[in-house]
Amino acid sequence: MRDFTYLRATDADAAAEALGPEASIIAGGTNLLDLMKLQIMTPERLVDITRIDGLSTIEEDGDGLRIGALVSNAALAADSRIRAGYPVLSRAILAGASGQIRNKATTGGNLLQRTRCPYFYDTAMACNKRAPGTGCAAQEGAGRMLAVFGTSEHCLAAHPSDMAVGLRVLGATVEVRAADGALRTLALDEFYTLPGDRPDIETTLAPDEIITAVVLPAPRAGSVQAYRKVRDRASYAFALVSVAAVVEMDGDRIGKVDLAFGGVGPRPWAGDDVAAALAGETPDEALFRRAAGALEPDRAPHPDAAFKLPLLRRTLVAVLREATGLAEASPGTDHAKDAA
Amino acid sequence: MQTTLTVNGEERRLDHDVRTSLLDALRDHLGLTGTKKGCDHGQCGACTILLNGKRINACLTLAAMHEGDEVTTIEGLGTPEAMSPLQSAFVTCDGYQCGFCTAGQIMSATGMLAELKEGMPSHVSPSLSEGSEMTDPEVAERMSGNLCRCSAYPFIREAIAMASEDK
Ligand SMILES: Cc1cc2nc3c(=O)[nH]c(=O)nc-3n(C[C@H](O)[C@H](O)[C@H](O)COP(=O)(O)OP(=O)(O)OC[C@H]3O[C@@H](n4cnc5c(N)ncnc54)[C@H](O)[C@@H]3O)c2cc1C
Ligand code: SF4
Ligand code: FES
Ligand code: FES
């Protein structure tokens, strides 16, 4: 690990002052330290934000909830209001990492975790995300974990977070604090950028900005919510694909639907077109297959990742069956209640 | 730099390089070598300790970040004469072969049983709200952050089940 200076910030002003292009915030440390040990990230200064007051609680915010950036993944998944009102978020978090890592990982850090593309991790290989302008070794290399949507000729990497997929389907926003103390609120699609010709830039966050919270809108009581993750082993592995769904029924017909997909895009990937094709229809297998069949990437996927498209479609159909009552619900599909 | 923290109930003062992980601080500075280093990257669970009562991987955090914190390692859980219920269950059930992963397994299981008691759900729990039974799939899921290269998993699960019944 390269040497660095360490600052324990006591408040957000002190943290902002110490931040900049050569500095990194450290929160849970579970991603940053992993990358620093491999010299993939080499900050000259670490700004420890874990002792800043007021970032570790989940509070009511209008009809919704405001989740402090330092709330641990474990605490968020276990919070009774989240379990009742936003079960898809609990399920998405619980599908990721391990008990130990979830106890340490934070809400802000989880959003900003880096890709698991193997060439990003190998400093001997070309990678535009790690070393801009060097090329992309994945193009001609092995690509089982790569994205299929939103890629560019400069980068094919997928965002690995499960939690972010749960947040995307719920329409959560990210609260960001600028160095002068001003707060702005961003939808996830405004927060994350697509790779384009600058895959090293992943968000619209400035180097001296801090994520202070994630805000959830009002709970959707009565909706069925599901998170299904498909991976190479039963636990403790990143998603090949994942599907998050919030489905409201309107009598026998499908009402409002929201969908988001993990493991397939450089950010949690929204399924708005598919969702729109389902609204107002009577649930049946043919409808689900037709809607899922409309999922098509703009660019041809890496050959090793092409399997993800049929896998995603089939996983989506399976989730919709359970969410609309055509099949019995399995663990991962829950009924949302008023946040207790 | 200097950091003071409480390890197994005793206040300890460390003089260390800023880069020192909590794991290296425990092993190399304090001589508490019961906590093992397997991967040093959060992937194996051999370094599991309790930080302020919660299980974490000691390899993925910096000693410098833990001023004033409370750490429990396998040495603080029990002694050969007075083992914790999990320690004695691992002995009774032969919950190991080479033993390299064992301290991490026991520390992780200690944290895991507390989480279960608090009603924390898991990925495989049928309901998010109704608490979980100590079934084999629940234990396997909740312990998936601890790998055993010898694959002693059936006996590890048995030991955890035995200890949880004792409580
Ligand atoms: C073995 C292993 C398996 C894993 N499996 C999964 C999985 O299956 N699914 C999954 O989703 N994740 C998985 N993870 C990743 C894990 O979820 C992340 O490491 C964790 O969420 C990161 O949170 P942190 O608080 O530790 O972040 P840190 O490591 O502290 O920080 C990560 C990044 O975020 C920045 N940052 C942190 N907080 C803020 C803030 N408030 N404002 C601005 N910037 C900030 C840091 O500067 C850094 O760049 C796994 C990790 C490991 C090691
Ligand atoms: S896909 Fe992206 S992260 Fe992977 S090697 Fe190419 S540029 Fe790097
Ligand atoms: S040594 Fe910490 S998880 Fe492997
Ligand atoms: S007993 Fe050998 S690694 Fe688990």
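Keep in mind the model is a prediction, meaning the values are calculated, not measured. Within each chain, residue numbers correspond to sequence positions counted from 1 in written order. Starting at A for chains and at 1 for ligands, labels are handed out in the order in which the entities are written. Confidence filtering applies because this is a predicted model: local features only for residues at pLDDT of at least 70, side-chain atom pairs given and counted only at 80 or more, and all residues used for totals across whole chains, interfaces and linings. Derived side-chain values reflect all non-hydrogen atoms in the structure, with water molecules and hydrogen atoms excluded from consideration.

**Remarks on the sheet that holds strand 4 (residues 54-57) of chain B**
Residue and element names in this part refer to chain B.
Consideration 1: DSSP-based pairing: two strands are paired if at least 2 bridges between them are found. Elements are defined by DSSP. Helices are runs of H or I of four residues or more, strands are runs of E of two residues or more, and each kind is numbered from the N terminus. Taken in spatial order, the 5 strands line up as 2-1-5-3-4 in an open sheet, and their pairing is mixed. Two strands lie at the open edges of the sheet, namely strand 2 (10-15) and strand 4, each paired on one side alone. Across the sheet, the mean angle from the axis of one strand to that of its neighbour is 40°, orientation sign disregarded.
Consideration 2: Relative to strand 4, strand 3 (residues 48-51) runs antiparallel, the two being bridged by 4 bridges. Following the sheet pairing, Ile49 is matched in strand 4 by Ile56.
Consideration 3: A contact between two residues is defined here by any heavy atoms of the two lying within 4.5 Å. Interaxial angle, 0 to 180 degrees, is taken between N-to-C directions of lines fitted to C-alpha atoms, where a helix line uses only the stretch in contact. Those strands touched by helix 4 (residues 102-117) are strand 3, strand 4 and strand 5 (70-72), and its axis lies near 40° from that of strand 3.

**Re the interface of chain B and chain A**
Consideration 1: Contacts between chain B and chain A engage 42 residues on the former and 40 residues on the latter.
Consideration 2: When chain B packs against chain A, close to 3300 Å² is buried across both sides, 54% of that on carbon and sulfur atoms.
Consideration 3: Put simply, buried area is how much 1.4 Å-probe accessible surface two parts lose in total, over both of them, once they are put together. For chain B, the biggest contributors to the area lost against chain A are Met65(B), His123(B) and Leu128(B); these three give 23% of the whole.
Consideration 4: A carboxyl oxygen of Asp or Glu within 4 Å of a side-chain nitrogen of Lys or Arg is what we treat as a salt bridge. Along the contact surface separating chain B from chain A lie 3 salt bridges.
Consideration 5: The term polar contact refers here to a pair of N or O atoms within 3.5 Å; inside protein, the definition further demands a hydrogen-donor-capable atom paired with an acceptor-capable atom, and it admits residues adjacent in sequence only when both atoms are side-chain atoms. Inspection of the chain B/chain A interface yields 23 residue pairs in polar contact (both at pLDDT 80 or more).
Consideration 6: Polar here means any residue outside two lists: the nonpolar Ala, Val, Leu, Ile, Met, Phe, Trp, Tyr, Cys and Pro, and the charged Asp, Glu, Lys and Arg; Gly therefore counts as polar. Within the side of chain B that touches chain A, the residues separate by chemical class into 16 nonpolar, 18 polar and 8 charged.

**Some remarks on the nonpolar core**
Soluble globular proteins tend to pack their nonpolar side chains together in the buried interior.
Residues and elements named next belong to chain A.
Consideration 1: Each nonpolar core is a collection of buried residues, namely Ala, Val, Leu, Ile, Met, Phe, Trp, Tyr and Cys, held together in the definition by side-chain atoms within 4.5 Å. Working definition: with a 1.4 Å probe on protein chains only, accessible area under 20% of the residue-type maximum means buried, over 50% means exposed, and in between means partly exposed. Grouped together as the largest cluster of nonpolar side chains are 58 residues, with contacts concentrated most on Phe149, Leu259, Phe261, Val264, Leu278, Leu312 and Leu316.
Consideration 2: Listed by contribution, the elements that provide at least two residues to this core are helix 2 (32-37), strand 9 (224-230), strand 10 (241-250), strand 11 (253-262), helix 10 (272-278), helix 11 (285-293) and helix 12 (308-323).
Consideration 3: Ranked by residues supplied to this core, first place goes to helix 12 with 8 residues.
Consideration 4: Non-local contacts of Leu259, meaning those with residues more than four positions away in its chain, are made with Val169, Ala244, Ala245, Trp269, Ala270, Gly271, Val274, Ala275, Leu278 and Leu316.
Consideration 5: Counting 37 residues, the second-largest nonpolar core is a separate cluster that includes Val88, Met163, Leu186 and Phe191.

**Let's talk about the UniProt feature "domain: FAD-binding PCMH-type" (unreviewed entry) in chain A**
Consideration 1: UniProt positions are given in the numbering used here, feature names are shortened, and annotations may be inferred rather than shown by experiment. Summarizing the sequence annotation, UniProt attributes the feature "domain: FAD-binding PCMH-type" (unreviewed entry) to residues 1-221 of chain A in the numbering used throughout.
Consideration 2: With 25% helix and 17% strand, residues 1-221 of chain A has its two end C-alpha atoms placed 48 Å apart.

**Looking at the domain arrangement of chain B**
Residues and elements named next belong to chain B.
Consideration 1: Per the domain assignment, the segments of chain B are domain 1 (2-76) and domain 2 (85-166).
Consideration 2: Domain start and stop points were drawn from an automatic or database domain assignment. Taking the mean C-alpha position of each, domain 1 and domain 2 sit 22 Å from one another.
Consideration 3: In this complex, domain 1 contributes 15 residues to the contact, which on the side of domain 2 involves 16 residues.
Consideration 4: Roughly 1300 Å² of surface becomes buried between domain 1 and domain 2 when both sides are summed, with 57% attributable to carbon and sulfur atoms.
Consideration 5: At the surface where domain 1 touches domain 2, the tally comes to 1 salt bridge.

**Considering the site of ligand 2**
Consideration 1: One heavy atom within 4 Å of a molecule or strand makes the whole residue count as near it. Around ligand 2, the surrounding shell holds 14 residues, and the nearest of these are Cys117(A), Cys127(A), Cys136(A), Cys155(A) and Leu156(A).
Consideration 2: Taken together, the residues of the shell around ligand 2 break down into 11 nonpolar, 2 polar and 1 charged.

**Digging into the pairing of strand 3 (residues 45-48) of chain A**
Residues and elements named next belong to chain A.
Consideration 1: Where strand 1 (residues 5-8) lies against strand 3, 4 bridges are found, and the strand directions are parallel. Counted as the bridge partner of Thr5 is Arg45 from strand 3.
Consideration 2: A clockwise path from the first strand over the helix to the second, with the strands pointing away from the viewer, defines a right-handed crossover. Traced from strand 2 (residues 23-26) through helix 2 to strand 3, the parallel crossover comes out right-handed.

**Focus on helix 3 (residues 85-93) of chain B**
Residue and element names in this part refer to chain B.
Consideration 1: Among the residues of helix 3, those classed as buried are Leu86, Gln87, Ala89, Phe90 and Cys93. Around the axis of helix 3, the buried residues are gathered within 165° of arc, so they sit on the same side.
Consideration 2: At the C-terminal side of helix 3, Asp94 shows a positive phi close to 60°. Along the arc lie the directions from the helix axis toward the C-beta atoms.

**Section: the sheet that holds strand 2 of chain A**
Residues and elements named next belong to chain A.
Consideration 1: Pairing within the open sheet is parallel, and its 3 strands lie in the order 1-3-2. Every interior strand has two partners, whereas the edge strands, strand 1 and strand 2, have only one. Neighbour to neighbour, the strand axes of the sheet diverge by 25° on average, direction disregarded.

**A look at empty space enclosed by the protein**
All names here are of chain A.
Consideration 1: Using a 1 Å grid laid over the protein atoms alone, points where a 1.4 Å probe fits but cannot get out form a cavity; open sets with protein on both sides within 12 Å along at least 5 of 7 lines form a pocket; any residue with an atom within 4 Å of a point counts as lining. Grid points are joined across faces, edges and corners, and a volume is the space filled by probe spheres set on the points. Here the structure, examined in full by the defined rule, presents 7 cavities of 30 Å³ or more.
Consideration 2: One number sums up the size of the largest cavity: a volume of about 130 Å³.
Consideration 3: Lining the largest cavity we find 17 residues, and of these Lys129, Ala157, His159, Glu202 and Pro266 sit closest to its centre.
Consideration 4: For the lining of the largest cavity, the per-class residue count stands at 10 nonpolar, 4 polar and 3 charged.
Consideration 5: Empty space within the second largest cavity amounts to approximately 110 Å³.
Consideration 6: Forming the boundary of the second largest cavity are 13 residues, of which Arg116, Met145, Ala158, Pro160 and Ala239 lie nearest the centre.

**Section: the site of ligand 1**
Consideration 1: In the vicinity of ligand 1 lie 36 residues, with Ile25(A), Gly29(A), Thr30(A), Thr106(A) and Asp162(A) positioned nearest.
Consideration 2: With respect to ligand 1, the chains having nearby residues are chains A and B.
Consideration 3: One of the backbone nitrogen or oxygen atoms of Ala97(A) is found 3.0 Å away from an oxygen atom of ligand 1.
Consideration 4: Contacts to ligand 1 include Ile211(A), whose backbone N or O atom sits 2.9 Å from a nitrogen atom.
Consideration 5: Computed with a 1.4 Å probe, the accessible areas rest on the Shrake-Rupley method; for each residue, only the protein chains presented here act as cover. Summarising the interface, the protein chains cover 95% of the accessible area of ligand 1, which totals 980 Å² for the free molecule.

**Thoughts on the packing of aromatic side chains**
Residues and elements named next belong to chain A.
Consideration 1: We call Phe, Tyr and Trp rings a pair once their centres come within 6.5 Å, taking the six-membered ring for Trp, and we label the pair stacked below 30 degrees between planes, edge-to-face above 60, and tilted otherwise. Scanning the entire structure with this criterion turns up 3 aromatic pairs over all chains.
Consideration 2: When the ring of Phe149 is compared with that of Trp269, the centres are 5.9 Å apart and the planes differ by 5°; the resulting orientation is stacked. Remark: Trp269 occurs in strand 12 (residues 269-270) and Phe149 occurs in the loop between helix 7 (107-111) and helix 8 (163-169); sequence separation between them is 120 residues. Just as Phe149 is buried, Trp269 falls in that class too.

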